[in-house]
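# Summary of the model geometry
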Number of protein chains: 2
Amino acid sequence: MADMEVMNMVSSGSYRPNFNLLLLILLQLGLKLYTVGGMWPLPQTFTSSTERYPLNPQTFYFGYGGQSAAQQGCSVLDAAFKRYFSLIFPDYISASVVLRFNEDKLFTLEITVDHNDCDSYPNEDSSEKYNMNVSARHASLHAETVWGALRGLETFSQLVYQDDFGAYFINRTEIEDFPRFPFRGILLDTSRHYLPVQAILKTLDAMAYSKFNVFHWHIVDDPSFPYQSRTFPDLSSKGAFHPMTHVYTQSDVRRVISYARLRGIRVLPEFDTPGHTKSWGKGQPDLLTPCYKGGIPSGTFGPVNPVLPSTYRFMAGLFKEVSSVFPDSYIHLGGDEVDFSCWRSNPDIRAFMKKMGFGDFTKLEAFYIENIVNITNALKKTSIVWQDVFDYHERRSSLSVVEVWREGCYLCEVRRVVKAGLKVILASPWYLDKPGPTHNWSRYYNVWPLAFTGTEEQKKLVIGGEVCMWGEYVDSTNLNQRLWPRASAAAERLWSDEKETSNVEKALPRLQDFRCKLLRRGIQAEPLYIGYCRHEYQGV
Amino acid sequence: MADMEVMNMVSSGSYRPNFNLLLLILLQLGLKLYTVGGMWPLPQTFTSSTERYPLNPQTFYFGYGGQSAAQQGCSVLDAAFKRYFSLIFPDYISASVVLRFNEDKLFTLEITVDHNDCDSYPNEDSSEKYNMNVSARHASLHAETVWGALRGLETFSQLVYQDDFGAYFINRTEIEDFPRFPFRGILLDTSRHYLPVQAILKTLDAMAYSKFNVFHWHIVDDPSFPYQSRTFPDLSSKGAFHPMTHVYTQSDVRRVISYARLRGIRVLPEFDTPGHTKSWGKGQPDLLTPCYKGGIPSGTFGPVNPVLPSTYRFMAGLFKEVSSVFPDSYIHLGGDEVDFSCWRSNPDIRAFMKKMGFGDFTKLEAFYIENIVNITNALKKTSIVWQDVFDYHERRSSLSVVEVWREGCYLCEVRRVVKAGLKVILASPWYLDKPGPTHNWSRYYNVWPLAFTGTEEQKKLVIGGEVCMWGEYVDSTNLNQRLWPRASAAAERLWSDEKETSNVEKALPRLQDFRCKLLRRGIQAEPLYIGYCRHEYQGV
């Protein structure tokens, strides 16, 4: 608390001698002074005062606290300091030439973390808690992990604002913050349209601004197979839209994972089977079920063929590779929307059903998924499945995490899943592929994920939620506009205290302000309604 | 026809000795040869053959025909040659260093125009007709005006395609082309959101690619007044979102008009009154009607005050300036959606009504508009009004052009207007501010502007149509995605032969191809559905 004493000795007037004069001119011009902008998502608890301190890019620096387990050389934080310097001082041209001409006027943001987890990956148990204290010349940020420190840096960057002359300020603030849910994801679909790696990286940047922490990579599906597999290169060379330009190489994937890690974001790969696999069939013969018509093969193919041993050998090989390429302990197995008509048409499938005593096709699907779950369990991965699998499955105890996506009473489904003792990720209310204004931000804000009857224990099984951006009508031309700022509405629901953030009217000006911040950071976030930002998007 | 003889002597094999070898490799790689892409909008008549000629940026040049009325130094065409060189050869890095190492292999695109209108502005009577003949080493483009030549250059650029190795080709083609309607516009709304000048210029570029020829600039409205007037500077200094950054200076406006002219696009300004004028009131005291509540002024304001002589003095001054700033002979006076409740509340207005013997407020509105039309008539401008004015007006003979915008049976309204002998611009079916997929391109394609009962003479009064991009939810972050390629669907309806372009399924692949061309040209056109472009949008 020594800093507090220092703070009282320094007035903004003495710091910038001409400030009062400038203020006078400012008022005569009739311009409004910019005040502190809103934070998004709202921290759990904070107090801020109108007492403000000037910040100067020439005399601002990040430092590690003496007690910090991480020190200079910590990859995650060193990179974050560089990134956040530019975000805090958007007008500052060169961050490399820092002239510290007067030691008296230094402003230090001092970070202390309890664990040196600089070289690890964020995971489902990572603490993202932090607390922060901003006073004159000094701010201290404390977190258990580097991931928590990243969240605090983001909040700090949102506290800084500029006046009309471009001078930077921050108000005296105290914050204690932590996420409501540990899983806050965004799904991108790179099969219906290929997204250039740059578009994914940009999304990771924007995710960090809203404190999202999981990138759910729905990497392959019916239309294309862009994942370039080491073990099965034909999958992409024959199944991608283009074998050279529309693929994710191993190096691309590593780049995405590394970029995400530096922002505290997990990369959760989904290889959805047995449905949604048309593109797989091009590069992997005999994988898909041949459909029959009039007693003979029709030439078309259905879901993965669950009756051939070769199918499971292939899947074991693929998931072995995928498990080593993607470090996260979770893996998404899909399992949604399996069309039984092709299985039904196929005599080999019917014979297998008879042999196994499966009365209907949901049993066959459960049999298939059970095998895949066993494969990934053996690889020490926690599997996530779409709700369809839970709905059909009898041996639910083999499942771990269920993602609820269907419309209707989705909380009824959430309740059923947690009653079965399984974890839930809620996606239903956050399908953002449909555009505004019919699907505007308030629809995604007015979601109450725990508004079902259940015990505290059961509610804890709701580990979070996910924004889904399916790719039928979305590619790199319109991804950012469709995600932002609407995804931020979901982000606040998943991070902040529901009681403090349940009023749409109260949230609107703060979200508008945050959307302007996104524009300033180069994210093409679309407007909420009539109005303007001080710095409009110019990158046309 | 001397060129035809030359063409028969040159085979693509002799031109590129290694071509057959390359072709062999190509086929062995299993890659598809790219064939000629679709043109959009479809020319009125064309024949093309599979006979193709290589094009080489090093040996390609534009030239003026000996009989051409325009020669080197023609601003419009000289600038167009530069622009289209880059569009025709998108991979070519530097157009300035052209090495013409072998005169034998030159390919010339020779332009001949009948009129030297290089320094004029396009107008409502400008011919856009052209014909073009592409043969080996030579293409000839003939047009009556430079504006027609621009349309032909656009078509030529769409005929050129690349194979997988980046080599350029064009097929033997003959085209005779002209627009179905002379007025093919896009409305941008710069009041609900400010659009940076760059965003407007980019839209003008994209408009030219779809052969649009009118930029309807809905420059001011209720939320903001960004037009910086010489005569009344307070209008923008008090009425714009920001007096410095969110305004169009005289120089900005000149730049837009000049940029549009070089692309054969007219700039039609709209200063909408007497409604939609809230922002005007901030910089022009006594312009708006004070609303009353309980017998006293409520402090709010309604439409322009039509009973004060000062109103008409102000309007005469403003329109005098606007008429000199915008060279087009058309001016849009608005006149839509006037709310009578404020007029009704005001005792001065009611007294005036009584004095004039006006039974209802439509009479007052007609009186107001009549005065404004007289002002612009005296300035030698043809006025356009929204349909509301036509609907209320009794002395319709003073009107010239009516823009039909309301939903419902818009062709019924079109019929009423042409029966009254007035010209029509159709906008109703082309409101593109609502996004896809609910409002997808086919909705804008399946429009039949002349499908009403009327004489040939009456149908000629339908001078064209207009895409409206209102700004409630649109600014520079999402303008391009929302316009393209959906506006192109309207463009084809307004340019091409309806009989040849009435099938959505037939048009789809050509539009998909055109959308990929737009991406290649840096226009963020959104996808129509699942699929890909060879060159995806990378500018994230």
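Residue positions are counted from 1 within each chain, in the order its sequence is given. Chains carry letters and ligands carry numbers; both start at the beginning, A for chains and 1 for ligands, and go up in the order they are written. In keeping with the predicted nature of the model, local features appear solely for residues at pLDDT of at least 70, side-chain atom pairs appear and are counted solely at 80 or more, and the whole-chain, interface and lining totals rest on all residues. In computing side-chain properties, one takes all heavy atoms of the structure into account and sets aside hydrogens as well as water.

Right, let's get into the confidence of the model for chain A. Think of pLDDT as the predictor's per-residue confidence, scored from 0 to 100. Across chain A, the average pLDDT comes to 91, with 91% of residues at 70 or higher. Here, residues are in contact when the closest pair of their heavy atoms is within 4.5 Å. Segment residues 1–36 of chain A: pLDDT under 50, and 47 contacts once partners within four positions in sequence are set aside and those in other chains are kept.

Residue and element names in this part refer to chain A. UniProt positions are given in the numbering used here, feature names are shortened, and annotations may be inferred rather than shown by experiment. Summarizing the sequence annotation, UniProt attributes the feature "active site" (unreviewed entry) to Glu337 in the numbering used throughout. To qualify as a helix, a DSSP run of H or I must reach at least 4 residues; to qualify as a strand, a run of E must reach at least 2; elements of each kind are numbered from the N terminus. For Glu337, the location among the structural elements is in the loop between strand S13 (330–334) and helix H11 (341–345). With residues near it in sequence (within four places) discarded, Glu337 still touches His276, Asp388, Trp405 and Arg406. Nitrogen and oxygen atoms within 3.5 Å of one another constitute a polar contact, given that in protein one can donate a hydrogen and the other can accept it, and given that sequence-neighbouring residues count only through two side-chain atoms. Among the polar contacts made by the side chain of Glu337, one reaches the side chain of His276 at a distance of 2.9 Å.

What follows concerns the UniProt feature "domain: Glycoside hydrolase family 20 catalytic" (unreviewed entry) in chain A. UniProt feature "domain: Glycoside hydrolase family 20 catalytic" (unreviewed entry): in the numbering of this structure it lies at residues 181–497 of chain A. Annotation note: span residues 181–497 of chain A, helix share 41%, strand share 19%, distance between end C-alpha atoms 10 Å.

We now examine the packing of aromatic side chains. Paired rings are identified among Phe, Tyr and Trp, the last through its six-membered ring, by centres lying within 6.5 Å, and are further divided according to the angle between planes into stacked (under 30 degrees), edge-to-face (over 60) and tilted (the rest). Under the definition given, this model contains 81 aromatic pairs over all chains. With a centroid separation of 5.8 Å and an interplanar angle of 15 degrees, the aromatic rings of A:Phe60 and A:Phe107 are classed as stacked. One end of the pair, A:Phe60, is in strand S2 (residues 60–64); the other, A:Phe107, is in strand S3 (residues 107–113), with 47 residues separating them in the sequence. With respect to class, A:Phe60 is no different from A:Phe107; both count as buried. Here B:Phe358 and B:Phe367 contribute two aromatic rings whose centre-to-centre distance is 5.7 Å and whose plane-to-plane angle is 55 degrees, an arrangement assigned as tilted. Given a relative accessible area of 23%, B:Phe367 falls into the partly exposed group. Two conditions define a charge located above a ring, namely a distance within 6 Å from the ring centre to NZ of Lys or CZ of Arg, and an angle within 35 degrees of the ring normal. A cation over an aromatic ring shows up here: A:Arg521 above the ring of A:Tyr209, its NZ or CZ 4.5 Å from the ring centre. Over the ring of B:Phe452 we find B:Lys459; its NZ or CZ atom is 5.3 Å from the centre of that ring. Burial here depends on accessible area, computed with a 1.4 Å probe over protein chains only, as a share of the maximum for the residue type. Under 20% is buried, over 50% is exposed, and the range in between is partly exposed.

In this complex, chain B contributes 43 residues to the contact, which on the side of chain A involves 42 residues. Carbon and sulfur atoms supply 60% of the area that chain B and chain A bury against each other, a total of about 3800 Å² over both sides. We count a salt bridge whenever a side-chain nitrogen from Lys or Arg sits within 4 Å of a carboxyl oxygen from Asp or Glu. Its salt-bridge partner being A:Asp475, residue B:Arg515 comes within 2.7 Å of it at the nearest N-O pair. On inspection of chain B and its partner chain A, the count reaches 29 residue pairs in polar contact (both at pLDDT 80 or more). Counting residues per element, the ones that place at least two in the side of chain B that touches chain A are helix H6 (197–209), helix H18 (479–483) and helix H20 (504–520) of chain B. Defined in terms of a 1.4 Å probe, buried area is the accessible area two parts forfeit on being brought together, summed over both.

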